[in-house]
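So you can see what is in the structure, the chains are spelled out below.
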Amino acid sequence: DGAPHKVTVARYSLSPELDYVSAPKLVEAAYRRAKVTNDSPYTLLPGPVNLFVSDEFIGATRLELTAPGGKLELYLGVDDRVKVKRELKRREVDKKLIGDRRRITFGYEITLENFLSDEAALTLHDQIPVAGHEAIKVKLDSVDPKPTEQTEMGLLKWELALAGGKKRTVRFDFSVEHPRDMRVIGL
């Protein structure tokens, strides 16, 4: 009849590996993530998809082209049962100049709290500034716990296990050194 129609081609279940992802510098929230392997014989075509847990609609997202055996990640929205808070705990400007250079030290604390009864795996992302000028030096002074990954672009990544009903804290300090007469923005 020339009109579009929806037709079921196949129906199958995928078994996800569920965890959480958070980047509290951008948004103080924990997003639920499902990592899935396409173990069906079908290629998943790109386009919009509705997500269900049993018969409950939990949201919509977009799929990329995924061949059989391919992996995909689906983000299932914010889960309020895992709380994330990022606070600036320290900002100190050294009073004495070292060789006509000024040093500013920053300290951040990220508090993670799991209100679930079960353990939750969480990937935490944060970053320290990257110098855009050779006269500016940025140094990660301390970090607890040690990040799983740290890149030259200042990205920090932790793979953490949060026990059910418990709180955990991640702390890091960094310093920025620059010539006294140079104005530094974006810290």
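Look above for the structure.
Now for a quick tour of the structure. (Residues numbered from 1 in each chain as written. Predicted model: local features only at pLDDT ≥ 70, side-chain atom pairs only at ≥ 80, totals over all residues. Heavy atoms only, no water.)

On a plain count of helices and strands, the chain comes out with 0 helices and 12 strands. Helices and strands appear in the chain in the N-to-C order β-β-β-β-β-β-β-β-β-β-β-β. Since a compact globule built from 187 residues should have a radius of gyration of about 16 Å, the 22 Å found for the chain marks it as more spread out than a globular shape. Principal axes of the C-alpha set define a box for the chain whose edges measure 80 × 40 × 30 Å. In the chain, which comprises 187 residues, the share counted as buried stands at 32%. Partitioning the intrachain contacts of the chain with sequence separation of at least 6 by distance along the chain shows that 67% fall at a separation of at least 24. On the chain, roughly 12,600 Å² of surface is accessible, and the fraction owed to carbon and sulfur atoms is 50%. Across the chain, the 30 positively charged side chains and the 29 negatively charged ones have centroids separated by 5 Å. (Helix = DSSP H or I, 4+ residues; strand = E, 2+ residues; numbered from the N terminus. Rg over C-alpha atoms; globule rule 2.2 N^0.38 Å. Buried < 20%, exposed > 50% of the residue type's maximum accessible area, 1.4 Å probe, protein only. Contact = heavy atoms within 4.5 Å. Areas by Shrake-Rupley, 256 points an atom, 1.4 Å probe, with all protein chains shown as cover. Lys, Arg positive; Asp, Glu negative; His and termini not counted. Charge placed at Lys NZ, Arg CZ, Asp CG, Glu CD.)

The next point concerns the pattern of salt bridges. Here the idea is simple: oppositely charged side chains can pair when their charged atoms come close. One pass over the structure, following the stated rule, counts 16 salt bridges. Sharing partners across several salt bridges, the network here consists of Glu17, Asp19, Arg33, Lys35 and Glu73. (Salt bridge = Lys/Arg side-chain N within 4 Å of Asp/Glu carboxyl O.)

Attention now goes to the sheet that holds strand β10 (residues 149-150). On the basis of which strands lie adjacent, the open sheet formed by 6 strands has the order β5-β2-β1-β8-β11-β10 and mixed pairing. One side of each edge strand has no neighbouring strand; the edge strands of this open sheet are β5 (71-78) and β10. Of the pairings in the sheet, the one linking strand β2 (residues 27-37) to β5 comprises 6 bridges and is antiparallel in character. Considered in β5, the bridge of Val36 is made with Leu72. (Pairing = 2+ DSSP bridges.)

A few words on the side chain of Ser40. Relative to the assigned elements, Ser40 resides in the loop between β2 and β3 (47-53). Overall, the relative accessible area of 7% leaves Ser40 in the buried class. In this structure the side chain of Ser40 is engaged in a polar contact, spanning 2.6 Å, whose partner is the side chain of Asn38. If we ignore the near neighbours within four places in the chain, the residues touching Ser40 are Tyr12 and Pro68. (Polar contact = N/O pair within 3.5 Å; in protein donor to acceptor, adjacent residues only side chain to side chain.)

Taken as a whole and judged by the stated rule, the model has 5 aromatic pairs. Taking the centre distance of 5.7 Å and the plane angle of 25° together, the rings of Tyr108 and Phe172 count as stacked. Residue Tyr108 is found in strand β7 (residues 101-114), and its partner Phe172 is found in strand β12 (residues 167-179); the two are separated by 64 residues along the sequence. Under the relative-accessibility criterion, Tyr108 is labelled buried at 15%. The exposure class assigned to Phe172 is buried, which follows from its relative accessible area of 0%. The interplanar angle of 10° and the centroid separation of 6.3 Å between the aromatic rings of Tyr108 and Phe174 together place this pair among those described as stacked. Of this pair, Tyr108 sits in strand β7 while Phe174 sits in strand β12, and the two are 66 residues apart along the sequence. We note that Tyr108, like Phe174, is buried. An aromatic cluster of at least three residues, connected via ring pairs, comprises Phe106, Tyr108, Trp158, Phe172 and Phe174. (Phe/Tyr/Trp six-rings, centres within 6.5 Å; stacked < 30°, edge-to-face > 60°.)

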